[in-house]
Amino acid sequence: MTTDGRQAGYSLLELLACLAIVGLLFSLGSGMSELLSRERRFQAVLDLRRSLNYARSSAVFMQTQVTLCALDQWGECARNWYGRDYAVFVDKNRDHRLNEGEALRIGHWSADRGTLTWRAALRRRYITFKSGGDTAQNGSFYFCPQGSDKATRIVVNRAGRNYVETAHRRVC
């Protein structure tokens, strides 16, 4: 097609500039996706650490034992946190079950975050903080984000403190 006797179209320089812009946008998009994924992982770990710290500080402040665990459909402590509610509660009768009037905080571990499993000494499905802030056991949470090969381990020591480290993916 011609206009005023000249060929219509784009020059090579215009096409290269357009391709450079499209390439730049694609590279930013993939980087943004990784950034959002990393932020979701960080937020999930932060939420769990907040619950651990809340349970520990509540035990010290109230001078009583406080338990943190995932709940099954009957309100008993479960080992797997995947898609479950969890609770921080004062276990007055020490049955490791959330009873009326014991809850301090209840949350939900959304299944779209990934799997979260608690593995502890003595194979307990819960973690209990004593009035001094220490625990009768040590253990680790293993967080395996959905669609990621980066697993995270949140370690809880006998003093009741927690810290985060990278875990091997094979734990998931």
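Residues numbered from 1 in each chain as written. Predicted model: local features only at pLDDT ≥ 70, side-chain atom pairs only at ≥ 80, totals over all residues. Heavy atoms only, no water.

Caption draft 1: Here's a closer look at the overall build of the protein chain. Along its length, the protein chain carries 1 helix and 11 strands. Reading the secondary structure of the protein chain in the N-to-C direction produces β-β-α-β-β-β-β-β-β-β-β-β. Over its C-alpha atoms the protein chain spans a radius of gyration of 25 Å, topping by over 25% the 16 Å that the globule rule assigns to 172 residues. For the protein chain, with 172 residues in total, the buried portion stands at 34%. Counting only contacts in the protein chain whose residues sit at least 6 apart along the sequence, the fraction spanning at least 24 positions is 47%. (Helix = DSSP H or I, 4+ residues; strand = E, 2+ residues; numbered from the N terminus. Rg over C-alpha atoms; globule rule 2.2 N^0.38 Å. Buried < 20%, exposed > 50% of the residue type's maximum accessible area, 1.4 Å probe, protein only. Contact = heavy atoms within 4.5 Å.)

Caption draft 2: Structural context of the environment of Ala 70. Examined against the element boundaries, Ala 70 turns out to sit in strand 3 (residues 66-71). Sequence separation of Ala 70 and Gly 83 is 13 residues, and the distance between their C-alpha atoms is 9.5 Å. With residues near it in sequence (within four places) discarded, Ala 70 still touches Glu 76, Cys 77, Ala 78, Asn 80, Trp 81, Arg 84, Asp 85 and Tyr 86.

Caption draft 3: Geometry of the pattern of salt bridges. Throughout the structure, instances matching the rule amount to 4 salt bridges. For Asp 47, the salt bridge goes to Arg 50, with nearest N and O atoms at 3.3 Å. Of the two residues, Asp 47 and Arg 50 both sit in helix 1 (residues 12-62), 3 residues apart, roughly one turn of that helix. Judged by its relative accessible area of 18%, Asp 47 is buried. Accessibility expressed as a relative area gives 44% for Arg 50, which makes it partly exposed. The shortest N-O distance in the salt bridge between Glu 165 and Arg 153 comes to 2.7 Å. With Glu 165 in strand 11 (residues 162-167) and Arg 153 in strand 10 (residues 151-156), this pair connects stretches of sequence that are 12 residues apart. A relative accessible area of 29% means that Glu 165 is categorised as partly exposed. Judged by its relative accessible area of 25%, Arg 153 is partly exposed. By sharing partners, the salt bridges in this structure join Asp 47, Arg 50 and Arg 113 into a single network. (Salt bridge = Lys/Arg side-chain N within 4 Å of Asp/Glu carboxyl O.)

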